[in-house]
Amino acid sequence: MKRIIQKVTVLGSGVMGSRIACHFANAGCEVLLLDIIPKSLSEVELSKGLTLESKPIRNKIAAEALQFALKSNPSPIYKKEFASRINVGNFEDDLSKIATSDWIIEVVVENLDIKKKVFENVEKHRKPGTLITSNTSGIPIYLMTEGRSEDFKAHFCGTHFFNPPRYLKLLEIIPTVHTKSEVIDFLTLYGEQFLGKTTVLCKDTPAFIANRVGVYSIMSLLHIVEKMELTVEEVDKLTGSVLGRPKSATFRTCDVVGLDTLVLVANGLKKNCIEDEANALFSIPEYIQKMVDAKWIGDKAGQGFYKKVKNKEGKSEILSLDLKTLEYKPSQKVKFATLELTKSVDNLKERVKVLISGKDKAGEFYRETFTGLFQYVSNRIPEISDELYRIDDALKAGFGWELGPFEYWDALGVKEAISMMESSGHKPAEWVYEMLTNNNTFYKTENSVRKFYDIPSKSYKTIPGSEHFISLENIRSSKTIWKNSGVTITDLGDGIINAEFHTKMNTIGGEILQGLNKAVDIAEKEYRGLVISNEGANFSAGANVGMIFMLAAEQDWDELHMAVKLFQQTTMRLRYSSIPVVAAPHNLALGGACEVCLHADMVVAHAETYIGLVEFGVGLIPGGGGTKEFALRLSDSLKEGDIALNSFRDKFLTLGQAKVSTSAYEAFDLGILRKGIDKVVISRVRLLSEAKAECLKLANAGYTQPLERKDIRVMGNEALGLVYAGANSMFSGNFISDHDRKISEKLGFVLAGGDLSQPTLVKEQYLLDLEREIFVSLCSEKKTLERIHSIINGGKILRN
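Nothing here was measured: the structure is a model prediction, and the numbers come from that model.

Enquirer: Looking at this structure, I do not really get the overall build of the protein chain. What am I missing?
Expert: For the protein chain, the count of helices and strands is 33 helices and 25 strands. Computed over the C-alpha atoms, the radius of gyration of the protein chain is 29 Å, within 12% of the 28 Å expected from 2.2 N^0.38 for a compact globule of 800 residues. Structurally, the protein chain occupies a C-alpha span of about 80 × 75 × 65 Å along its principal axes. Counting every position in the protein chain, which comprises 800 residues, the buried fraction comes to 54%. Sequence-distant contacts in the protein chain: of pairs separated by 6 or more residues, those separated by 24 or more amount to 69%. Here the protein chain has roughly 35,100 Å² of accessible surface; of this, 52% comes from carbon and sulfur atoms. Distance between charge centroids for the protein chain: 1 Å, based on 100 positive and 102 negative side chains.

Written out as structure tokens, the structure reads:
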């Protein structure tokens, strides 16, 4: 049957339920969020004459939970207006409304009897064929269907979201023997395409996949820490970004999630996984139990492995817990020789080889943790999954690992790792040895398609669904047509090429500008269109401020002037090439990266795109065509009868306050994305495919090379008066510094088109020249240099 999700009911409005409701609203669904009714009234409610029968009171629990979620940071919703898609109610008055729902998801308390009672009531109103799922993280899925109808069972399964649902990409789907295959297929596709999830099919085993392996990894580490006498700071240094894990690493993550939550899951695994060879590791170490008994469970208790205090000077200070004495002490800096060796190794797969071969305590730690992990995941097949790639997908999407366990193993070399495993008593499962009789890796790429080793057939199979997406990692080796140190140009097929950045943080310097110009050259001669996209952690953190600082500090103004001009010429080349250019940003797209997007014919942005022109924050103005572009868009947006100064003020404040969107949807409100032209894609894995499709669409529509604009209406002194008055007022009120006033006036000068006596039509080049002149002049300011230096050196201000 054709299934469309328009209405969703979420049963339970706690931390997970309210945020799941928000994410369905993000996807465009109409959401009904229900919970129980209160049992008593507050003093304030009594004073207002309210009763337990008053509607606001009956809906109070769901309404307050939703408001709490909407006020949380980071926000669970892409855009404030999307919250209007959510209605609240209660189980007694509103459960009948689920008859019109397309998907009902249960997120009530983790108690089987309560869940079964909820499902009993749901069945009284649910229409046949409606999807019904549970977000349980620990209760066996099959137990929930006892006593339910055949239709209920056929359309029921577990759908385990990870918290926070907007940001953590994992959605585990856990069917029962009764679940229809088409229901599983639909949820897998819908979760990926419309909710932006990595959907992982799981077996109905304790903690499913991600928590089973992830909690094993943490518990194993907690025991290793005790054995090796490592400190909190040492562990977090060893298990953070250097290992391809979140910056919060291990103990900081435990503080955020809550140590009580970890202990609860670990105790559940200890009880329910009797046959697990690592069962003993799920026992709670003594120092952890003491922390839980003392209620030192993390951020929600005000202290855990870390504690924030005020020192004698009244400044905030982070203390760390001494795991031996259980006393807090000032955090210590950590150094290991092995980590020093990795500083020049950007590629994670190469870096882990250095880590595991270390001769110091760090190397010993990595060998112990990796060999245990590899043994554990090899033994979990086929218990928790028949396919190894699902385990990797779950850990990457649920725990933020850059590589999954089997991918780490491949990076180290399967045979080489087994030698270490055998030496440490962590022998892998027999199927790994069988694989090595004819094959050497868990994954391989053939004809630009990634495949995994399938254990039952002893052959490689395509990862389901991957053939429908474009992965630069998979095609780079066979489809690269040009590259330098900062850019790789690949052939996407159908006449479309891609320019991929790969500098540190994908910052834009000379090598990327050269690569973008080369990409346009190649596309104009031999292809039909250009996409600018990459698979890094961020699209780009902006221009290389280190280069700007160096040129300014050396007062090499001619060279700086030429560097800025090259940037402007590059963005203008993107705008006025003879082929369509589509930018596909994700995550950070700041400063110069935003300017690249502003000059593309179309932007296809991932929903989690944080984009903005942030130059004002370092004492500059956008100098790669960004200020010019805002003046141009201001001109184009003005309609007869508009109050031009109001529109000018809005554009000025966006730049002057260095506003960055908290999602791609907010970027439309900032004037960075254009309604009716640019689009948003929620699925990260579909971003490049969608961008290519849009580029091809522009080419097929008969793309015509645009003409440079000569009709930009700027406001001159009329707008400058507003800028100067506002800047002086803010300075007089001590809201901004004298330096900020100067930057404000110079920004306003460019945006207004300079010192013109009346509104005037000007050329783009006129504005670019103004922009460049002001940008270079600001680089000579000492305060600007101090700010740039502070960014480069992590907050250390230049004093000389």
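There is more to say after this.
Enquirer: What is the right way to read the packing of helix α9 (residues 210-228) against helix α12 (residues 259-272) from this model?
Expert: How two helices sit against one another is set out by the angle between their axes and by the gap between those axes. Interaxial distance between α9 and α12 falls to 10 Å at its minimum, and their mutual angle equals 105 degrees. In terms of axis orientation, α9 runs roughly perpendicular to α12. On the side of α9, the interface is formed by Asn211, Arg212, Val215, Ile218, Met219 and Leu222, while α12 contributes Leu262, Val265, Ala266 and Leu269. Here the contact of α9 with α12 is composed, by residue class, of 8 nonpolar, 1 polar and 1 charged.

Enquirer: Would you mind showing me how to read the pattern of salt bridges here?
Expert: Once their charged atoms are close, side chains differing in charge can pair, the charge on each being opposite to the other. One pass over the full model with this rule turns up 53 salt bridges. We note a salt bridge from Glu446 to Lys451, for which the minimum N-O separation is 3.0 Å. We classify Glu446 as partly exposed; its relative accessible area is 31%. Taking relative accessible area as the criterion, Lys451 reaches 17% and is therefore assigned buried. The shortest N-O distance in the salt bridge between Asp678 and Arg674 comes to 2.9 Å. Salt bridges sharing common partners tie together Arg212, Asp276, Glu277, Arg380 and Glu383.

Enquirer: Explain the sheet that holds strand β14 (residues 459-462) to me, please; I cannot follow it from the model alone.
Expert: Strand pairing within a sheet occurs via backbone hydrogen bonds; the two strands may be parallel or antiparallel. Spatially, the 3 strands line up as an open sheet ordered β12-β13-β14, and their pairing is antiparallel. Two strands bound the open sheet, and with one partner strand each, they are β12 (443-446) and β14. The sheet shows a mean angle of 40 degrees between the axes of neighbouring strands, taken without regard to direction. By the bridge criterion, 4 bridges tie β12 to strand β13 (residues 449-454) in an arrangement that is antiparallel. Looking at the pairing, Tyr443 lines up with Phe452 of β13.

Enquirer: Would you mind showing me how to read the side chain of Thr133 here?
Expert: Here Thr133 lies in strand β5 (residues 131-134). One polar contact links Thr133 to Thr159, side chain to side chain, over a distance of 2.8 Å. When sequence neighbours within four positions are dropped, the list of residues in contact with Thr133 reads Trp103, Ile104, Ile105, Glu106, Phe156, Cys157, Thr159 and Leu187.

Enquirer: How do you make sense of helix α27 (residues 644-656) when you look at a structure like this?
Expert: Given 3.6 residues to a turn, an α-helix orients residues that are three or four positions apart in the same direction. Its 13 residues give α27 an end-to-end C-alpha distance of 18 Å, which sits within 8% of 18 Å, the value for a rise of 1.5 Å per residue. Every buried residue belonging to α27 is among Ala644, Phe648, Lys651, Phe652, Thr654, Leu655 and Gly656, and all of these are buried. Check the buried side of α27 and you find it contacts α26 (626-637), α30 (717-732) and α31 (738-751). Ala658 lies just past α27 and shows a positive phi near 50 degrees.

Enquirer: Would you mind going over the packing of aromatic side chains with me for this structure?
Expert: Where two aromatic rings form a pair, the distance of their centres and the angle of their planes describe that pair. Applying the stated criterion across every chain, the model contains 28 aromatic pairs. Plain terms: the ring middles of Phe406 and Phe442 are 5.0 Å apart, the flat faces sit at 70 degrees to each other, and that makes the pair edge-to-face. With a gap of 36 residues between them, Phe406 in helix α18 (residues 405-412) and Phe442 in the loop between α20 (430-435) and β12 connect regions that are remote in the sequence. Aromatic pair Phe648 and Phe652: ring centres 6.4 Å apart, planes at 10 degrees, arrangement stacked. Taken as a pair, Phe648 and Phe652 lie in helix α27 at a separation of 4 residues, close to a single helical turn. Three or more aromatic residues link up through ring pairs in this structure, and these residues are Phe370, Phe374, Trp401, Phe406, Tyr408, Trp409, Trp431 and Phe442. Directly above the aromatic system of Trp401 lies the positively charged group of Arg245, at a separation of 3.6 Å from the ring centroid. Above the face of the Phe630 ring, Lys651 is positioned so that its terminal group lies 5.1 Å from the ring centre.

Enquirer: Just checking my understanding: could you explain a negative patch on the surface for this structure?
Expert: A surface patch of like charges, here negative, comprises Glu554, Asp556, Asp558 and Glu559. When you line up the elements, Glu554 lands in the loop between α23 (545-553) and α24 (557-575).

Enquirer: Got a minute to help me understand the pairing of strand β15 (residues 480-483) in this structure?
Expert: If a strand is regular, its side chains alternate between the two faces of the sheet. Bridge analysis of β15 against strand β16 (residues 487-493) gives 3 bridges, and the strand direction is antiparallel. Counted as the bridge partner of Thr480 is Thr490 from β16. Linking β15 to β16, which pair antiparallel, is a turn of 3 residues.

Enquirer: Explanation requested: the packing of helix α15 (residues 348-356) against α18 in the structure shown.
Expert: Interaxial distance between α15 and α18 falls to 9 Å at its minimum, and their mutual angle equals 75 degrees. It follows from the interaxial angle that α15 and α18 lie roughly perpendicular. Contact residues: Lys349, Val352, Lys353 and Ile356 in α15; Tyr408, Ala411 and Leu412 in α18. Residues of the contact of α15 with α18, tallied by class, amount to 5 nonpolar, no polar and 2 charged.

Basis of the calculations
- Residues numbered from 1 in each chain as written.
- Predicted model: local features only at pLDDT ≥ 70, side-chain atom pairs only at ≥ 80, totals over all residues.
- Heavy atoms only, no water.
- Helix = DSSP H or I, 4+ residues; strand = E, 2+ residues; numbered from the N terminus.
- Rg over C-alpha atoms; globule rule 2.2 N^0.38 Å.
- Buried < 20%, exposed > 50% of the residue type's maximum accessible area, 1.4 Å probe, protein only.
- Contact = heavy atoms within 4.5 Å.
- Areas by Shrake-Rupley, 256 points an atom, 1.4 Å probe, with all protein chains shown as cover.
- Lys, Arg positive; Asp, Glu negative; His and termini not counted.
- Charge placed at Lys NZ, Arg CZ, Asp CG, Glu CD.
- Axes fitted to C-alpha atoms, helices over the stretch in contact; angles between N-to-C directions.
- Parallel < 35°, antiparallel > 145°, perpendicular 65-115°, else oblique.
- Nonpolar A, V, L, I, M, F, W, Y, C, P; charged D, E, K, R; others polar.
- Salt bridge = Lys/Arg side-chain N within 4 Å of Asp/Glu carboxyl O.
- Pairing = 2+ DSSP bridges.
- Polar contact = N/O pair within 3.5 Å; in protein donor to acceptor, adjacent residues only side chain to side chain.
- Expected span 1.5 Å × (residues − 1).
- Phe/Tyr/Trp six-rings, centres within 6.5 Å; stacked < 30°, edge-to-face > 60°.
- Lys NZ or Arg CZ within 6 Å of the ring centre and 35° of its normal.
- Patch = residues over 30% accessible without salt bridge, like charges linked within 9 Å, V, L, I, M, F, W, Y side chains within 5 Å.

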